[in-house]
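# Coordinates in review
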Amino acid sequence: MEAIILQILNGLDKGSAYALIALGLTLIFGTLGVVNFAHGALFMIGAFCAVTFSRILTLSHTVVDETKTDFLGNPLKVDVPYLHDLFGQATGDAIIDWAVPLSILFTVPVMMFVGYAMERGLIKHFYNRPHADQILVTFGLAIVLQEVIKYFYGANPIPTPAPQAFAGSFDFGAALGFDPNLIIYPYWRIIYFVFAAVIIGAVFAFLQYTTFGMVVRAGMADRETVGLLGINIDKRFTIMFGLAAAVAGLAGVMYTPINSPNYHMGMDFLVLSFVVVVVGGMGSLPGAVLAGFLLGILESFASMREVLEILPGLNQIIIYLVAIVILLTRPRGLMGRKGVMED
Amino acid sequence: MLGLNKKDLQLMLIVTGLTMLAPFILNPFPESSGMAQFNAGYPDLMQRFVIFGIFAIGFNLLFGLTGYLSFGHAAFLGVGSYGAIWMMKLVTLNVIPAIFMGVIVAGIFSVAVGYICLRRSGIYFSILTLAFAQMSYALAYSVLTPITGGETGLQIKSTDRPLLSNLAEGETGRANLFGMDMRQSFELNVGDWLFTFNAGYYIAAVVMLIAFYISIRIFRSPFGLMLRAIKSNQTRMSYTGLNPRPHTLAAFVISGMYAGLAGGLLVAMDTQVGPERMFWTASGEVVLMTILGGVGTLIGPVLGAGVIKYMENILSKINKDVLHEWFAFMPDGLEDFIVFLVYPFIGKGWHLTLGILFMLVVIFLPGGLVEGGQRIGKWIKNRGKAKDTGGSTEPAE
Amino acid sequence: MSKSNFTRRGLLKTSAVAGAGLALPTIFTAQSAHAFTNEPTGGTVTLGFNVPQTGPYADEGADELRAYQLAVEHLNGGGDGGMLNTFSSKELDGTGILGKKVEYVTGDTQTKSDAARASAKSMIEKDGAIMITGGSSSGVAVAVQALCQEAGVIFMAGLTHSNDTTGKDRKANGFRHFFNSYMSGAALAPVLANAYGTDRKAYHLTADYNWGYTTEEAVKASTEAMGWETVAAVKTPLTQTDFSSYIAPVLQSGADTLVLNHYGGNMVNSLTNAVQFGLRDKQVNGKDFQIVVPLYSRLMAKGAGANVKGIFGSTNWHWSLQDEGSKAFVKSFGTKYGFPPSQAAHTTYVQTLLYADAVQRAGSFAPCAVAEALEDFEFDGLGNGKTLYRGADHQCFKDVLVVKGKENPTSEFDLLEIVEVTPVEQVTYAPDHPQMGGPEATLGACNNGA
């Protein structure tokens, strides 16, 4: 019982990451009809926004400490962040400690701009090209983006811890009346889940309850007619692309304390996020979210020791197995519309 | 001749000429010059050119004709390789049975996968094939280690004793064709040039020519026409009373067998298999090769395969010292500056160059390198006459 | 015309200069049959440095490459000579190898066995490399080692930790200086028993591929011999990035120690996740919960950041060692590049020196002669104390370092502290040890190629 509750928690947490990435992907596909293989790269750039921001916070000048020596026996050079000079050591350290949550403020404009530039500079020219061309050009872009990041940040993962205040884990077991320590869950992951839920809710609300969202939805359904009504749908779609990029970027920022970011994290997520989107049904936002959570939970169950003892290797293939079963029983995924991306 | 029309025959003859003379064509630079770095005429790379050419030709038969984009084609190459190496480990070191085994195993696997995946079309089909390939990769890497060798893969060991071989005690078996070692080479030394004629390469090249010939015949056959009909309008095709499914499945299986053939040849040339061969990036690579060269064209996929393998093997080997050697004639400051500019794109940065190249080709040459060639050809033809018409008005597609 | 299995362009690069002057298209044949693959006949000798330059291990590969360049510099008499001054064998004199200037070519393994073999083959076939070295994973090491065996060149393994490299997949032409899973287990177990007691319950998370299997087996065997109990061992996919669903159930199992048989990105992520779950603040069975990482590397420790603090593991070498050899190497590496070398850099540097020295002592580049010179060679002054290159399996036997994540690092390189130097006797095993492939494992015959 405890084990099952624990894996449901895990699944929700994993699922929220999948859902968040898949949501951005579907948003782009649903509005612009573009299959964006560079979406994983946007996720990765978001994560590196957090890295960059914490580097900015720790911009330092060097002070030579004569009392200590470095590995070559020379006097040790100690980096002192400018923030220490500005606010004193304690406050400076506290700000640096909160680098990840603070970098959200930095990430949103950066990602909006990246998305805008991508759409205007490249994607725009591909609306009327075959999907294969879109896949290839965005895939090429993804490679270029990740190589640029690698050039500047190296290939090694870069640790970006959560603030000290969120270290450790919450004891659900004790709260629910089980023995302590049986069902524990890290604070940061709980925050990630809540954060994802808020973002997903906000995107839905935005599309559902604002005039802007209404026009975009109308454009998704019938672009031509909306255009004939004298509405500049292209401009709105560009904004949607920027928004989707920001969602991907935020997913990346908040993910950095869970896994230290590295330049190929986007590619690691790319295949998975496509599976999620397709299982959910191409172009369906609720489908993407549902599929994200479903696959997250099933993946967590498949990694249980008890399950692996019966079916060794199930954890290696569960995602794909589920995808095959769903696509064979439901031709257009969970909530896909007919005729979308079927030819 | 050979059941080909004049134009196809011409193409076939050109390809034959190019592959047979590859050791010369790929080694244009003298050994002692700095440009020798760009020579590609050594056995391993030449073999890879033709083998991945076969792989891409096969992929193009499916994607170029029917429009079904398989994102898991590397799985067939992988299982073909495993089939071939087990044949060599257990039965005989002759490469022919091994290659056939590769084709058969890949064929059977593609019947099973194709039967399931072809129930869906479009991106749903792509994801289904991707799922099968990723499962094959993950299982081969982990729980199937007793069969696949896992991470370290399979090699022929000194303890392997194939049934139909008479190896001395402790001798490691080598892939051969009726006693001819795949690694045998003739070297021809002309002045400062060195040309290598490798047995394995020529065997692979002959197989590639056969594969290329079959692909031309399929393109020009009624069956090929049927496949194109599936691409342009499947609904209309079924209204005329034709069932597209068996045709698509046949194309899928043929394409899978081409992949198996490539896998078998890879093992024949270099007796080793690892599971990375089936990873999704390997499947993605063949898609890139085909599109880069030109989808639906006969020669495009081979060109694409050549370009990608060339970059992977030649560009990645250029390091900073080599650059400094090249630009040594410049004044120091300028030399450093040029090296600084070029360095991110070579050696460890070869992926970056690849990515940029893809983007450029897709943006400006939707028909791939073949279209580029055609445009240049047309430009040369038109240069003399009709200056007033200006640029070509022909649409890109 | 000549007939050969592997070509030797290294020869032509130098000897063909004469031919370049010929204006007439004279076809002249290459010299008579040569003794072995890529026999260097000019004034230079080419070594092939095959390291990951793209993919997740690119930084490790870059560090290996730096060490190789340094080794070449030292062999050719440049720089301060580094470990040549502390090496117990004094054959090398800074005039290259056997009087030939050392040159090198580089390639990208991409940490894929196919790509690594393609790259190694191009070095052998195109560039005339006489020796191939490098790599950052056991899959690649085993694949390239098999290739070098076929081709008839020497393979000096880089970073490869799996038992298989010199165990069931050992080859006569392949040599490994790096330590292995068995040694990690044997060195760690007594230190762990000392620090955490002998009645621990261990929970293993193991990367689901060959290296993971051998490491799990080795650590299990050594810790169980100390009295530990293994509660469970769960395999995790290589491609896994989030380990939460594997780590969450650990406490429920009643285990009080978590062993992470992971390397690279897997290790960074699983350790980060485990620490995030607050496992180290928990008490189980009345004992503090502990985490162990059998194989450490400084680059990985850097990726995991503060999470490594206080966590035990083993490593092949660390720059803070105070013997003369290590100090000399750290000094010349640090002076040239501005930061201390990693263990990958150390092992590749040492391998290059050992190869050069063996050639010098053998008086020949012929692989079989070099192999003979390396077999059962005892040396000192290369950073790990007295070391034996055992002839039976071509594995180096030397002291193993047990390290711990440092609590108060003074710099970004100062992440690990040495807890104990486990003497070589404690990590030595029989060549036909069951974990090493048992009695069937054989080197085969050495191959000179051509």
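The rules behind each value
- Residues numbered from 1 in each chain as written.
- Chains lettered and ligands numbered in written order.
- Predicted model: local features only at pLDDT ≥ 70, side-chain atom pairs only at ≥ 80, totals over all residues.
- Helix = DSSP H or I, 4+ residues; strand = E, 2+ residues; numbered from the N terminus.
- Rg over C-alpha atoms; globule rule 2.2 N^0.38 Å.
- Buried ≥ 20, exposed ≤ 12 C-beta atoms within 10 Å, placed from the backbone.
- Contact = placed C-beta atoms within 7 Å.
- Domains from an automatic or database assignment.
- Nonpolar A, V, L, I, M, F, W, Y, C, P; charged D, E, K, R; others polar.
- Axes fitted to C-alpha atoms, helices over the stretch in contact; angles between N-to-C directions.
- Parallel < 35°, antiparallel > 145°, perpendicular 65-115°, else oblique.
- Left-handed = near helix turned anticlockwise from the far one by under 90°.
- Pairing = 2+ DSSP bridges.
- Right-handed = clockwise from strand over helix to strand, strands pointing away.
- Bend = angle between axes of the 7 residues up to and from the residue.
- Core = buried A, V, L, I, M, F, W, Y, C linked by C-beta atoms within 7 Å.

### Examining the overall build of chain C
- Helix and strand content of chain C: 13 helices and 18 strands.
- In summary, chain C has a C-alpha radius of gyration of 23 Å against a globular reference of 22 Å for 450 residues, a match within 12%.
- Principal axes of the C-alpha set define a box for chain C whose edges measure 85 × 40 × 35 Å.
- Counting the 450 residues in chain C, one finds 66% classified as buried.
- Taking the contacts inside chain C whose residues are at least 6 apart along the sequence as the reference set, 73% of them involve residues at least 24 apart.

### Digging into the domain arrangement of chain C
Residues and elements named next belong to chain C.
- Per the domain assignment, the segments of chain C are domain 1 (9–179 + 320–393) and domain 2 (182–315 + 416–427).
- Centre-to-centre separation of domain 1 and domain 2, based on C-alpha positions: 33 Å.
- Across the boundary between the two partners, domain 1 contributes 14 residues, which contact 15 residues of domain 2.
- Elements with a minimum of two residues in the side of domain 1 that touches domain 2: α2 (58–75) and α11 (343–362).
- When the residues that make up the side of domain 1 that touches domain 2 are grouped by side-chain class, the tally is 4 nonpolar, 7 polar and 3 charged.

### Some details on the interface of chain B and chain C
- Opposite the 46 residues of chain B that make contact, chain C presents 54 residues.
- In terms of residue count, strand β4 (residues 185–190) of chain B provides more of the side of chain B that touches chain C than any other element does, 6 residues in total.
- For the side of chain B that touches chain C, the class distribution of residues is 10 nonpolar, 23 polar and 13 charged.

### Section: the packing of helix α4 (residues 74–90) of chain B against helix α11 (residues 244–269) of chain B
All names here are of chain B.
- α11 packs onto α4 with a crossing angle of 45° between their chain directions and a minimal axis gap of 7 Å. Regarding the angle of α4 to α11, the classification is oblique. Viewed along their axes, α4 and α11 form a crossing whose handedness is right-handed. Only G256, A259, G260, L261, A262, G263, G264, L266, V267 and A268 of α11 make contact with α4, whose side of the interface consists of F76, L77, G78, G80, S81, A84, I85 and M88.
- Of the residues in the contact of α4 with α11, the class split is 11 nonpolar, 7 polar and no charged.

### A short note on the interface of chain C and chain A
- Contacts between chain C and chain A engage 41 residues on the former and 41 residues on the latter.
- Put simply, the parts of the chain that give the side of chain C that touches chain A at least two residues each are α2, β8 (229–236), α7 (244–247), α8 (264–276), α9 (298–304) and α10 (324–337) of chain C.
- At 5 residues, the largest contribution of residues to the side of chain C that touches chain A is made by α8 of chain C.
- Within the side of chain C that touches chain A, the residues separate by chemical class into 18 nonpolar, 15 polar and 8 charged.

### Regarding the sheet that holds strand β4 (residues 131–134) of chain C
All names here are of chain C.
- Sheet architecture is open: 5 strands sit in the order β3-β2-β4-β5-β6, paired in parallel fashion. Either end of the sheet is taken by a strand with one partner, and the two such strands are β3 (101–108) and β6 (174–176). Between one strand axis and the next, the sheet turns by 25° as a mean value, whatever way the strands run.
- Pairing of strand β5 (residues 154–157) with β6 involves 3 bridges; the strand directions are parallel. By the bridge assignment, F155 is partnered in β6 with G174.
- Contacting β2 (44–51), β3 and β4, helix α3 (residues 113–125) crosses the sheet at an angle of about 150° to β3.

### Structural notes on the packing of helix α12 (residues 265–280) of chain A against helix α15 (residues 314–329) of chain A
Residue and element names in this part refer to chain A.
- Packing of α12 against α15 leaves a shortest axis separation of 10 Å and a crossing angle of 25°. Compared by their axis directions, α12 and α15 come out roughly parallel. The hand of the α12/α15 crossing is left-handed. Together, L272, V275 and V279 of α12 and I319, A323 and I326 of α15 make up the contact between the two elements.
- Of the residues assigned to the contact of α12 with α15, the class counts are 6 nonpolar, no polar and no charged.

### Regarding the pairing of strand β2 (residues 75–81) of chain A
- Across 7 bridges, the pairing between strand β1 (residues 60–69) of chain A and β2 of chain A is antiparallel. Looking across to β2 of chain A, one finds that T62 of chain A is bridged to D79 of chain A.

### Examining the pairing of strand β13 (residues 312–315) of chain C
Residue and element names in this part refer to chain C.
- Side chains of β13 alternate between two faces, with F312 and S314 and G313 and T315 buried alike.
- As paired strands, strand β12 (residues 290–295) and β13 are joined by 3 bridges and run parallel to one another. Directly across from V292, in β13, lies its bridge partner F312.
- At this point the chain moves from β12, through α9, to the parallel β13, and the crossover so formed is right-handed.

### Considerations on the environment of P146 of chain B
All names here are of chain B.
- The residue P146 is located in helix α7 (residues 145–148) in this model.
- For P146, a count of 7 C-beta atoms within 10 Å translates into the label exposed.
- Distance in space between the C-alpha atoms of P146 and Y115 is 28 Å, their sequence separation being 31 residues.

### Let's talk about unusual backbone geometry
- In the Ramachandran plot, F178 of chain B falls in the positive-phi region, its phi being about 45° despite a non-glycine side chain.
- With respect to the helices, strands and loops of the structure, F178 of chain B is situated in the loop between β2 (176–177) and β3 (180–181).
- On the neighbour-count criterion, F178 of chain B (7 C-beta atoms within 10 Å) is exposed.
- A positive phi is found at N285 of chain C, a non-glycine position, where the angle reads about 50°.

### Topic: α15 of chain A
- At Y320 of chain A, α15 of chain A shows its strongest bend, of approximately 30°.
- Along α15 of chain A, the residues classified as buried are N315, Q316, I317, I318, I319, Y320, A323, I326 and L327 of chain A.

### Side note on the nonpolar core
- By size, the foremost hydrophobic cluster in this structure holds 368 residues, and its most contacted members are L23 and V247 of chain A together with I54, F55, I127, Y258 and A262 of chain B.
- Ignoring anything within four residues of it in the chain, the contact list for I127 of chain B reads F274, V275, V278, A323 and L327 of chain A.

### Observations concerning the sheet that holds strand β14 (residues 377–379) of chain C
Residues and elements named next belong to chain C.
- A sheet is described by the order of its strands in space; here 3 strands give the open sequence β14-β15-β16, paired in antiparallel fashion. Edge positions in the open sheet fall to β14 and β16 (396–397), since each of these has one partner strand only.
- By the bridge criterion, 2 bridges tie strand β15 (residues 387–389) to β16 in an arrangement that is antiparallel. If you follow Y389 over to β16, its bridge partner there is C396.

### What to know about the environment of M87 of chain B
Residues and elements named next belong to chain B.
- Within the element layout of this structure, M87 appears in helix α4.
- Separated by 45 residues in the primary sequence, M87 and Y42 place their C-alpha atoms 27 Å from one another.
- The residues touching M87, leaving out its near neighbours within four places in the chain, are P97, A98 and M101.

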